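# Survey of secondary and tertiary structure
As a plain string of letters, each chain reads:
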Amino acid sequence: METKPAPLRILVVDDDEALLDTVGDLLSVKGGCEVKMVQNGTEALAAVRSFSPELSLIDIRMPGMTGWELVKLIRQRTTAQKIIMLTGSYAEDDIRAAFASGVDGYLLKPHKPSQLGERLEQARTRKISLAAIFEAIEKYTGVNVEGKTEEELIAQCQAWGI
């Protein structure tokens, strides 16, 4: 008898209740994930200890503690957890700061449900960083990443210092 794998545990941190409801529904009902949703960094740190998420989706701009500060605190505890910034910011400085803080991916709001599903699969297969960087390159710079090799895109990221 084949055993069913445990559902992916995901922590969603955002001060926008409507977004939490939408993402929570998408991940739990449609994605079959175990989801914990919190609205600030303090609640998120408590959830990291009690819930032990495998993946966290974190907004950048929240009251009290920024997403970058939260990521740094999480990374002091563990590097095993995958972290994706879920934000509306296309700013190059925000993208650089996010990766400098230790994130594995950067997903822009508003997102399509299919994008979130792709990110979950990438998190499971540990291919999240490059895909998120390439998406950010295309969204922020307008550079079409389609047809470019992974090596070309990595070289471009290195040229930009990310």
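That block above? That's the structure.
In this text the structure is predicted, and so the values were computed from the model without any measurement.

### Looking at the pattern of salt bridges
- Evaluated as defined, the whole model comprises four salt bridges.
- The partner of Asp94 in a salt bridge is Arg61, and the shortest N-O contact between them spans 2.8 Å. Taken together, the residues Asp94 in helix α4 (residues 92-101) and Arg61 in the loop between β3 (55-58) and α3 (67-77) connect sequence positions 33 residues apart.
- The structure contains a network of salt bridges with shared partners spanning Arg75, Lys82 and Asp104.

### A few points about α4
- Within α4 the residues assigned to the buried category are Asp94, Ile95, Ala98, Phe99 and Ser101. When α4 is viewed along its axis, its buried side chains cluster within an angular range of 160 degrees and face the same direction. Across α4 from its buried face, at more than 90 degrees, point the exposed residues Asp93 and Ala100.
- At the exit of α4 stands Gly102, carrying a positive phi of roughly 110 degrees.

### Brief notes about the nonpolar core
- Formed by 23 residues in total, the largest nonpolar core has its most connected members in Val13, Ile58, Leu70, Met85 and Tyr106.
- Those elements that provide at least two residues to this core are β1 (9-13), α2 (41-51), α3, β4 (82-87), α4 and β5 (105-108).
- In this view, Ile58 contacts Val13, Gly67, Leu70, Val71, Ile74, Ile83, Ile84, Met85 and Leu86; residues no more than four positions away in its chain are not counted.
- Judged by nonpolar contacts, the second largest core, of 13 residues, contains Leu8, Leu20, Ile84 and Leu86.

### Regarding the environment of Glu54
- By the secondary structure assignment, Glu54 is in the loop between α2 and β3.
- Note on Glu54: relative accessible area 34%, which makes it partly exposed.
- Taking the C-alpha atoms as reference points, Glu54 and Ala80, 26 residues apart in sequence, are found 7.7 Å from one another.
- Beyond its immediate chain neighbours, meaning those up to four positions away, Glu54 contacts Pro7, Leu8, Arg9, Gln81 and Lys82.

### Some points on the sheet that holds β3
- Read across the sheet, five strands follow the order β2-β1-β3-β4-β5 without closing on themselves; strand pairing throughout is parallel. What marks the edges here is a single partner per strand, and that holds for β2 (34-38) and β5. Mean inter-strand twist for the sheet, computed between neighbouring axes without regard to direction, equals 20 degrees.
- In the sheet, β4 pairs with β5 via four bridges, with the strands oriented parallel. Looking across to β5, one finds that Met85 is bridged to Tyr106.
- Its contacts with the sheet place helix α1 (residues 17-30) against β1, β2, β3 and β4, and it is angled at close to 170 degrees to β2.
- Sheet strands touched by α4: β4 and β5. Its angle to β5, the strand with the most contacts, is close to 145 degrees.

### A word on a negative patch on the surface
- Side chains of Asp15, Asp16, Glu17, Asp21 and Asp25 sit close together on the surface and give a patch of like negative charge.
- By secondary structure assignment, the location of Glu17 is in helix α1.
- With relative accessibility at 55%, the residue Glu17 sits in the exposed group.

### A few points about the side chain of Asp14
- With respect to the element layout, Asp14 can be found in the loop between β1 and α1.
- Among the polar contacts listed, one links the side chain of Asp14 to the backbone nitrogen of Asp16, at a separation of 2.9 Å.

Basis of the calculations
Each chain carries its own residue numbering, running from 1 in the written order of its sequence. Confidence filtering applies because this is a predicted model: local features only for residues at pLDDT of at least 70, side-chain atom pairs given and counted only at 80 or more, and all residues used for totals across whole chains, interfaces and linings. Side-chain numbers come from the whole structure's heavy atoms, not from hydrogens or water. By definition here, a salt bridge exists when the distance from a side-chain nitrogen of Lys or Arg to a carboxyl oxygen of Asp or Glu is within 4 Å. Helix and strand assignments follow DSSP, with helices taken as H or I runs no shorter than four residues and strands as E runs no shorter than two, numbered in order from the N terminus. Working definition: with a 1.4 Å probe on protein chains only, accessible area under 20% of the residue-type maximum means buried, over 50% means exposed, and in between means partly exposed. In this description, the arc belongs to the directions extending from the helix axis to the C-beta atoms. Think of a nonpolar core as a cluster: buried Ala, Val, Leu, Ile, Met, Phe, Trp, Tyr and Cys residues, connected wherever their side-chain atoms sit within 4.5 Å. Here a residue-residue contact requires only that any non-hydrogen atoms of the pair lie within 4.5 Å. Two strands qualify as a pair provided DSSP detects at least 2 bridges between them. Every angle, taken between N-to-C directions, lies between 0 and 180 degrees, and every axis is a line fitted to C-alpha atoms, over only the stretch in contact when it is a helix. Patch definition: residues above 30% relative accessible area lacking any salt bridge, with like charges linked at up to 9 Å and the nonpolar side chains Val, Leu, Ile, Met, Phe, Trp and Tyr linked at up to 5 Å. For accessible areas, the Shrake-Rupley method is used with a probe of radius 1.4 Å. Any residue's cover is judged against the shown protein chains and nothing else. Neither His nor the chain termini are counted; the positive set is Lys and Arg, and the negative set is Asp and Glu. Lysine's charge is taken at NZ, arginine's at CZ, aspartate's at CG and glutamate's at CD. Each polar contact in these results corresponds to two N or O atoms within 3.5 Å; when the atoms are within protein, one needs to be able to donate a hydrogen and the other to accept it, and residues that are neighboring in sequence are counted only if both atoms are side-chain atoms.

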